[in-house]
Amino acid sequence: MPKKAIKIPVKLDYLSILNEHGKLDRKLEPKLSKELLRTMHEKMLLARRFDERMFSLQRQGRLGTFAPVKGQEAAQIGAVAALSDSDWIVPAFREIAAYVWRDLPLEGLLLYNAGYNEGGRLPDDAHFLPIAIPVGSQMLHAAGLAYGLKLQKKNEITMTFFGDGATSEGDFHEAMNFAMVYACPVVFICQNNHYAISVPRAKQTTSRTLAQKAFAYDMPCMQVDGNDVLAVYVAAKEAVERARTRHIPTLIECVTYRLSVHTTVDDPSKYRPQEEVKQWEKRDPIPRFQRYLKSKQILSDADVKKTEERVEQTIAKAVEAWQGQMARLTDPSVMFEHLYAEMPPSLQAQREAFRKEWVERTDEAANG
Amino acid sequence: MPKKAIKIPVKLDYLSILNEHGKLDRKLEPKLSKELLRTMHEKMLLARRFDERMFSLQRQGRLGTFAPVKGQEAAQIGAVAALSDSDWIVPAFREIAAYVWRDLPLEGLLLYNAGYNEGGRLPDDAHFLPIAIPVGSQMLHAAGLAYGLKLQKKNEITMTFFGDGATSEGDFHEAMNFAMVYACPVVFICQNNHYAISVPRAKQTTSRTLAQKAFAYDMPCMQVDGNDVLAVYVAAKEAVERARTRHIPTLIECVTYRLSVHTTVDDPSKYRPQEEVKQWEKRDPIPRFQRYLKSKQILSDADVKKTEERVEQTIAKAVEAWQGQMARLTDPSVMFEHLYAEMPPSLQAQREAFRKEWVERTDEAANG
Amino acid sequence: MAELTMVQAINLALRQEMKRDPTVVLIGEDIGVDGGIFRVTDGLLKEYGPERVMDSPLAESGIIGFSIGMAISGLKPVAEMQFSGFSYFAFHQLEGHAARMRWRSQGRYHLPMVVRMPQGAGVRALEHHSESREAYYGHTPGLKMVMPSTPRNARALLLSAIRDPDPVIFLEPTANYRAFREEMPEEEETIPIGESKIVREGSDLTMITYGTMARRTLEAAERLREEDGIEAEVIDLLTISPLDDKKFIESARKTGRVVIVHEAPQTFGPGGEIVARLVEQAFLHLEAPIKRVNGYDIIVPYFAREQAYLPDAERIVRGAREVLRF
Amino acid sequence: MAELTMVQAINLALRQEMKRDPTVVLIGEDIGVDGGIFRVTDGLLKEYGPERVMDSPLAESGIIGFSIGMAISGLKPVAEMQFSGFSYFAFHQLEGHAARMRWRSQGRYHLPMVVRMPQGAGVRALEHHSESREAYYGHTPGLKMVMPSTPRNARALLLSAIRDPDPVIFLEPTANYRAFREEMPEEEETIPIGESKIVREGSDLTMITYGTMARRTLEAAERLREEDGIEAEVIDLLTISPLDDKKFIESARKTGRVVIVHEAPQTFGPGGEIVARLVEQAFLHLEAPIKRVNGYDIIVPYFAREQAYLPDAERIVRGAREVLRF
Ligand SMILES: Cc1ncc(C[n+]2csc(CCOP(=O)(O)OP(=O)(O)O)c2C)c(N)n1
Ligand SMILES: Cc1ncc(C[n+]2csc(CCOP(=O)(O)OP(=O)(O)O)c2C)c(N)n1
Ligand SMILES: [Mg+2]
Ligand SMILES: [Mg+2]
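The model shown is predicted, which means the values in this text are computed figures rather than measured ones.

Each value, and the rule that gives it
- Residues numbered from 1 in each chain as written.
- Chains lettered and ligands numbered in written order.
- Predicted model: local features only at pLDDT ≥ 70, side-chain atom pairs only at ≥ 80, totals over all residues.
- Heavy atoms only, no water.
- Helix = DSSP H or I, 4+ residues; strand = E, 2+ residues; numbered from the N terminus.
- Rg over C-alpha atoms; globule rule 2.2 N^0.38 Å.
- Buried < 20%, exposed > 50% of the residue type's maximum accessible area, 1.4 Å probe, protein only.
- Contact = heavy atoms within 4.5 Å.
- Areas by Shrake-Rupley, 256 points an atom, 1.4 Å probe, with all protein chains shown as cover.
- Lys, Arg positive; Asp, Glu negative; His and termini not counted.
- Charge placed at Lys NZ, Arg CZ, Asp CG, Glu CD.
- Axes fitted to C-alpha atoms, helices over the stretch in contact; angles between N-to-C directions.
- Parallel < 35°, antiparallel > 145°, perpendicular 65-115°, else oblique.
- Left-handed = near helix turned anticlockwise from the far one by under 90°.
- Nonpolar A, V, L, I, M, F, W, Y, C, P; charged D, E, K, R; others polar.
- Near = heavy atom within 4 Å.
- Polar contact = N/O pair within 3.5 Å; in protein donor to acceptor, adjacent residues only side chain to side chain.
- Least-squares fit on C-alpha atoms with pLDDT ≥ 70 in both.
- Donors = N, O, S within 2.8 Å, 3.2 Å for Na, K, Ca; no water.
- Core = buried A, V, L, I, M, F, W, Y, C linked by side-chain atoms within 4.5 Å.
- Expected span 1.5 Å × (residues − 1).
- Pairing = 2+ DSSP bridges.
- Salt bridge = Lys/Arg side-chain N within 4 Å of Asp/Glu carboxyl O.

S.K.: Describe the overall build of chain C, with residues and values.
M.R.: From N to C terminus, chain C includes 12 helices and 14 strands. Taken against the 2.2 N^0.38 rule, which gives 20 Å for 326 residues, the C-alpha radius of gyration of chain C at 19 Å falls within 12% of a compact globule. If you line up chain C on its principal axes, its C-alpha atoms span 60 × 40 × 40 Å. Looking at chain C residue by residue over its 326 residues, the buried ones come to 76%. The contacts in chain C between residues at least 6 apart in sequence include a share of 80% that link residues at least 24 apart. Working note: accessible area of chain C is about 8,400 Å², and carbon and sulfur atoms make up 48% of it. Across chain C, the mean location of the 39 positive side-chain charges is 1 Å away from that of the 48 negative side-chain charges.

S.K.: Residue-level account of the packing of helix α6 (residues 170–181) of chain A against helix α6 (residues 170–181) of chain B, with values.
M.R.: Interaxial distance between α6(A) and α6(B) falls to 7 Å at its minimum, and their mutual angle equals 125 degrees. By the criterion of interaxial angle, the relationship of α6(A) to α6(B) is oblique. Here α6(A) runs over α6(B); the crossing is right-handed. Between α6(A) and α6(B), the contacting residues are Gly170(A), Phe172(A), His173(A) and Glu174(A) on the first element and Gly170(B), Phe172(B), His173(B) and Glu174(B) on the second. For the contact of α6(A) with α6(B), the per-class residue count stands at 2 nonpolar, 4 polar and 2 charged.

S.K.: Lay out the site of ligand 1 with the relevant residues and their values.
M.R.: Near ligand 1 lie 21 residues; those nearest to it are Arg94(A), Asp164(A), Asn193(A), Tyr195(A) and Glu60(D). Around ligand 1 the close residues trace back to chains A and D. For ligand 1, a nitrogen atom lies 3.0 Å from a polar atom in the backbone of Val135(A). Contacts to ligand 1 include Gly165(A), whose backbone N or O atom sits 2.8 Å from an oxygen atom. In isolation ligand 1 offers 580 Å² of accessible surface; the protein chains occlude 95% of this area.

S.K.: Lay out the relation of the copies chain D and chain C in plain terms, naming residues and giving numbers.
M.R.: Once turned by 180 degrees and shifted 0.0 Å along the axis, chain D lies on chain C with an RMSD of 0.0 Å. Such a combination of rotation and displacement between the chain copies is what one expects of a two-fold axis. Looking at the rotation axis and the C-alpha trace of chain D, the residue lying nearest is Gly272(D), at 2.1 Å. Here 100% of the interface residues in chain D have copies in chain C that are interface residues too; the copies meet face to matching face.

S.K.: Outline the coordination of the magnesium ion (ligand 3), listing residues and values.
M.R.: Those protein atoms acting as donors to the magnesium ion (ligand 3) are Asp164(A) (OD), Asn193(A) (OD1) and Tyr195(A) (O), and they sit at 2.0 Å. Look at Tyr195(A) and you get buried, because its relative accessible area is 7%.

S.K.: Describe the site of ligand 2, naming the residues involved and giving the relevant values.
M.R.: The immediate surroundings of ligand 2 are formed by 21 residues, with Arg94(B), Asp164(B), Gly165(B), Tyr195(B) and Glu60(C) found nearest. Around ligand 2, the neighbouring residues derive from chains B and C rather than from a single chain. Here an oxygen atom of ligand 2 sits 2.7 Å away from a polar atom, N or O, in the side chain of Arg94(B). Within the backbone of Tyr195(B), one N or O atom sits 2.8 Å away from an oxygen atom of ligand 2. Here ligand 2, which alone exposes 570 Å², has 95% of that area covered by the protein. By residue class, the composition of the shell around ligand 2 is 11 nonpolar, 5 polar and 5 charged.

S.K.: Any chance you could break down the nonpolar core for me, citing the residues and the numbers?
M.R.: As a rule of thumb, soluble globular proteins bury nonpolar side chains together. In this structure, Phe188(A), Leu251(A), Phe188(B), Leu251(B), Phe66(C) and Phe66(D) are the most contacted members of the largest nonpolar core, which totals 187 residues. Those residues in contact with Phe66(C) that sit more than four places away from it in its chain are Leu140(A), Ala143(A), Gly144(A), Tyr147(A), Phe178(A), Tyr182(A), Cys184(A), Ile27(C), Met54(C) and Ser61(C). Leu111(B), Tyr233(B), Ile31(C) and Phe38(C) belong to the second largest nonpolar core, which has 144 residues in total.

S.K.: Please provide a residue-by-residue account of the coordination of the magnesium ion (ligand 4), values included.
M.R.: For the magnesium ion (ligand 4), the full set of protein donor atoms is Asp164(B) (OD), Asn193(B) (OD1) and Tyr195(B) (O), at a range of 2.0 to 2.1 Å. We note that the donor set of the magnesium ion (ligand 4) lies within a single chain, spaced as D-x28-N-x1-Y.

S.K.: Describe unusual backbone geometry, and please don't skip the residues or the numbers.
M.R.: A cis amide bond links Ser241(C) with the next residue in sequence, Pro242(C), at an omega value of 0 degrees. Looking at the secondary structure, you find Pro242(C) in the loop between β12 (239–241) and α9 (246–255). In this structure, Asp218(B) takes a positive phi of about 50 degrees despite not being glycine. Here Asp218(B) lies in the loop between α7 (201–204) and β8 (221–225). Take Asp218(B): its relative accessible area is 27%, and that puts it in the partly exposed class. At Leu238(D), a position not held by glycine, the phi torsion is positive, near 60 degrees. Its location among the elements puts Leu238(D) in the loop between β11 (232–236) and β12 (239–241). Overall, the relative accessible area of 2% leaves Leu238(D) in the buried class.

S.K.: Tell me what's going on with helix α11 (residues 301–328) of chain A, and back it up with residues and numbers.
M.R.: Taking 1.5 Å as the rise per residue, α11(A) with 28 residues should run 40 Å; its terminal C-alpha atoms sit 41 Å apart, in good agreement. Here α11(A) has its buried residues at Val304(A), Thr307(A), Val311(A), Ile315(A), Ala318(A), Val319(A) and Trp322(A).

S.K.: So what's going on with the sheet that holds strand β2 (residues 13–15) of chain B? Residues and values would help.
M.R.: The 7 strands are arranged β1(A)-β2(B)-β8(B)-β9(B)-β5(B)-β4(B)-β3(B) in an open sheet whose pairing can be described as mixed. Unpaired on one side and paired on the other, β1 (4–5) of chain A together with β3 (88–90) of chain B mark the two borders of the sheet. Alignment of strand β4 (residues 158–163) of chain B against strand β5 (residues 186–192) of chain B, held across 6 bridges, turns out to be parallel. The residue of β5(B) that forms the bridge with Thr158(B) is Val186(B).

S.K.: I'd like a description of the pattern of salt bridges, backed by residues and values.
M.R.: Scanning the model with the defined rule gives 122 salt bridges over all chains in all. The closest approach of N and O atoms between Arg315(C) and Glu357(B), which form a salt bridge, is 3.0 Å. Of this pair, Arg315(C) sits in helix α12 (residues 313–325) while Glu357(B) is found in helix α12 (residues 345–367), placing the two residues in two different chains. Taken individually, Arg315(C) and Glu357(B) each receive the classification buried, so the pair is uniform in this respect. The structure contains a network of salt bridges with shared partners spanning Lys356(A), Glu360(A), Glu364(A), Arg223(D), Glu227(D), Asp228(D), Glu314(D), Arg318(D) and Arg321(D).

Shown next, in the form of structure tokens:
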């Protein structure tokens, strides 16, 4: 009855398997097929190169603002590689690597980043929700979707991505709580890339880790080296199994770093030292993984070169397809579509008025 | 580098000093003056009796809906007794005991509960924010107010009250985080009365305690027997000092029970067994505290009787004052006031139109 | 069938639709064990179990965000906001996602969900429980919004809302919850979303209204007949968004005189849009300024004065006479 | 003084007012070290330190709720919502508390706070960054709302807003942030909140607008003069709430013909209120239906088509000609 300690069974591990110096923990090393390892590598590379290409297209004025993934490829690929194809990915706005993992059309993302709504349309079987820009808001969708899948006895789970900054939003808290209360088969992947635009992780919240925010719900959690694709994979796999078989959610904090700008309108020199970026470049997940694959004779230098070529071709084809699509998208009156299953009469009238005006203006412009 | 445990220095104590069987932990017993103890007792009693009176006035149709405090007097009085008079109280909607602690006009609360906005006006020196009905939303005000007081070098702190249900709102999370990030001198008092209307604590969230939600921010926390006014006082005092001297917030979970209805339109028989209420009636904070005071010879049976009489008089006077005020509040056009420092012209016009109509209708009614 | 109150009618619609369609699920605060604080969902937990009648944590954004996810999974969530005044905790989910998912995914996903919200003054409730701010949702492209006025149209509109493939805000006028009963047909009925209804015919004056105000307007119309010999046509919008302007424009062309009645505040309120449509489409027929009889630009006062705030038959009659006298 | 952009003018107002009044504090995401994502608060952290220029956690409700508390303590918070499209995360704090604290406490507390929000389309931004939903706040009793259109009136309105004893929503049209410069007087200026301004005189037509659309409307007015020999009177509302209807009603009584231009969607949008006021107070002077030239009832399309969404001078001219031809 006096003052006594309450035992709250909190548990938080940090997982790292392949560290930045290439040192491998053999006991923890997952036994993955060569094929899977090669695919993971290729997708990481594709994400990196595609990101770079979009960045240069943006700088040429051919794309609008977007949020580069550079540096976070391991955090995303390691996580989604632990999913089945029918599992659902619920992204924020930086999940380019998760997107390429699922073989979704790159030209769609180009179209989206070029300012065309049509880019938001994903294939029917994609099981990948649209980009969600309002920070932290999509996690609730992942929880509700997971619950719905469970209720309908589908053996599918959901995995949602968000950043360090997102953990400050009230929606993060509500999503974590709902996920536990309703025993939702969902995995929460927090990519702690150290910044929310200019705000460093340390100013975002006072907790020592982000992972420990799971303690508030007695939810399992883990912190991993987010630039170690093997560690991310292992942590995610465990969480995916826990979600699928026992309907218990998990919060995984991937400690990573955004090597590029926040978005293409951002100037990081305002808020972080170049020295810090340099340090993190040494921890780049891709060379690290390549060293590992080479040391295991899964990948040769020639393989890397061939992969780079394949990736280059994939991107080239996508850019071409995108250009073709853009050329066909000349009717702005499509902006009236997809608000409702059926367009209400007053909206139809607005569209007609717009079309009429558009035609007249186009004609006038043509005639002088 | 391998999987290794991260030490998060979580600490959560449960504090109980005077248990439901009247057993006292002398080591932990606070050394409070007789005067303070008598005041605490009198205010608890006043809150209880005033609550009962309002309940019966409501049942007579003379008051509208309100949220009774019955059973939670210790949680509130213990907490606010640890404050200085100039500290700020930021209530939710059930803080009747905190209200009486500060000698705020009871007739104001009657007026409020009778549906008159004028009841919301507190004396200028009250340092007590208005009733906040949107659950969980007021905690942010407490944090921001605390920060502002700190910035302006006032030696005042804030204490905010909320329920178990409130911890599910995103605003709870944001308030806890902001309070820590900006080192606000604030104390968060969660009155876990086991229900949010009909939803039991166990269904509100999966965490073993509510106090542990502080772990998510590395904020100090404690769980106390909320029906033990001594324990609440001791916990609050510690938190108040921490806030005042070190600008560190604290979350205190007071485990208590709502002995009455959620509000006067609620029917608890729909969702909780009478047996449970009976159990908690045995833990009623007032008889428990009275036994303690009597055993310490601070209060005699005669004192209790006198206190009851004083309380009865206070209430009777308030009811009378309230009746007088109501009789004077005949002009409904005051509803246009207090939206802005200066009433905008269009609102003035609306008020004039209203007044004109009101006068005409009153006349017509008078003339038949 | 029996005569039912609006609470019972909504309960009936939920019960029957949950039976017919196993993908319909309910979620909200106190909707399960308690049966809803107004008893609208009474008995449904017992009938359909906690997996489909979900007592939720106290978090409105959670309820809406979670419902969006459920809708994507193939369920048809009917979410309850305990009062419309608390729906603003979820406004970013409603504006930012519910209204946008079909559009954002270009038709790949859609959200067959309903958000029920009790609203409006007149039941002596506390602060935040009495406002009418339907204009917020009406001004949000991607959402639909309906508001019944009687038990029978409440049931029919709710069925339509649940079956609608897009998110529908379903406003429930608390003042009408138990104010009167209506005979309920045995067979289920629906009312097309987007269609208003002429609930009283007349040729001297057009009165446009919805929700709680529909009854008060009808009462005013009766008084106008009795006291002034005026036959007013009363249009109950039923759907607020998308707004059906056909019937009221046609009526205004016929009568030339219009009164709009709602309980929401005036400025930037729903009435403005109706006036604008009338001016755009019936300009030459208008014989008098259009009169808006509505709430004032204030927060609804606590209950002692809420009836002073609310338009009543007398205030509506006065407004009508202004228009008629012009 | 120099010619300044609107970004610089707002920065100047903040800098000078923070100097003059030590109780002014800023809070928002990325406003400190980064100087704001549009650089509106550039340099202020250095000048006034982190206690008064507060980089906040990523939580809009937190920012507003915390600001309410700060305002009660005696500070004058100027909070930034990174975009108005994210202010809905805080809608319950704005509607439920910011707008109500004076009223709820019957004058005991008031909130001298400003909520700055970049808004509107035209800068090739992402989803959620381009909408104009000022009607939400305009329809919320207890809030005021202003929207500058030029650097100079931005500075003056911001000073007035900070000094106002009540919460003011300060909408910043991103499309005008750097679109042009304006000579800034050395001495500080204020513009009374609640007063619109005739920015172009004329007697043939009344054009009512605000924000980004003010410039486009002026451009249209010039074209009408050149091409049609029409002199339009252009009124820049500057304050949206409380709405100053005096000037535009007077103007409409003079011209008999009115065009309203805004970028927000039409239905239940700001234009409706203006039409209603005109009908109420200038009915007999109206010679033609009032034309609303505004955004469509859709979500602003991604940037490739945002200009198709936005009213431009040509669309405004066409609207005006409809009115003039009637
Ligand atoms: C609710 C909301 N507020 C503000 C923004 C503007 N914004 C876009 S990204 C971002 C930072 C996000 O940080 P984090 O969650 O760490 O993700 P990261 O960008 O680092 O991937 C902000 C503030 C937004 N999109 N949504
Ligand atoms: C945001 C919000 N949602 C819903 C309500 C309706 N409501 C009033 S009190 C209450 C339960 C509050 O539970 P708790 O926080 O445990 O406090 P208690 O009533 O037990 O004191 C609810 C749901 C509200 N007032 N505010
Ligand atoms: Mg980040
Ligand atoms: Mg409770």
